[in-house]
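Close look at the chain arrangement
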Amino acid sequence: MEQTKFESKDGAEIHGFLIQPADLAAGTTPPALLRPHGGPQSQYANEFDFEKQLFAANGYAVIMPNPRGST
């Protein structure tokens, strides 16, 4: 899992995480799943999450943006 930043339509920086499949071949782009956070009372963190690891183990990149305006 790696931390990443996204730019929103209005230019605001959005923090999030990206999980790539472990067996991703160089130069390939895997299918991706967007898993937005339900918020607003928490955020994604650099910690183990079975569901996201299961998706990555099956060949998907998992994009997890943290919500804007979360407490």
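Owing to the predicted nature of the structure, the values given are computational and were not obtained by experimental measurement.

Structural notes on the overall build of the chain
- Looking only at helices and strands, the chain has one helix and four strands in total.
- If you list the helices and strands of the chain from N to C, you get β-β-β-α-β.
- Looking at the chain, you have 5 positive and 8 negative side-chain charges, and the mean spots of the two groups are 7 Å apart.

Looking at the pattern of salt bridges
- Taken as a whole and assessed by the stated rule, the structure comprises three salt bridges.
- The shortest N-O distance in the salt bridge between E51 and K52 comes to 3.3 Å.
- For E51, a relative accessible area of 30% puts it in the partly exposed group.

Digging into the pairing of strand 2 (residues 13-19)
- In terms of burial, strand 2 is a largely internal element, five of the seven residues being buried.
- For strand 1 (residues 2-7) and strand 2, the ladder comprises six bridges, and the chain directions are antiparallel. Each residue of the ladder has a partner; that of T4, found in strand 2, is G16.
- The hairpin formed by strand 1 and strand 2 contains five residues between the paired strands, and G11 there has a positive phi angle of roughly 90°.
- Two strands pair when backbone bridges link them, and strand 2 and strand 4 (residues 61-65) are joined in this way by four bridges, in the antiparallel orientation. Within strand 4, the residue paired with I19 across the bridge is V62.

Parameters and conventions
Along each chain, residues carry numbers from 1 onward, in the same order as the chain's sequence is written. With the structure being a predicted model, the display of local features is reserved for residues of pLDDT at least 70 and the display and counting of side-chain atom pairs for 80 or more, all residues being used for whole-chain, interface and lining totals. Only hydrogens and water are set aside when side-chain values are computed; all heavy atoms of the structure are taken into account. Secondary structure elements follow DSSP: runs of H or I no shorter than four residues count as helices, runs of E no shorter than two count as strands, and numbering proceeds from the N terminus. Asp and Glu count as negative and Lys and Arg as positive, but His and the ends of the chain are not part of the count. Charged side chains are reduced to one point each, which is NZ for Lys, CZ for Arg, CG for Asp and CD for Glu. By salt bridge we mean one thing: a side-chain nitrogen of Lys or Arg within 4 Å of a carboxyl oxygen of Asp or Glu. Each residue gets one of three labels from its accessible area relative to the maximum for its type: buried under 20%, exposed over 50%, partly exposed in between, using a 1.4 Å probe on protein chains only. In short, DSSP must find at least two bridges between two strands for them to pair.

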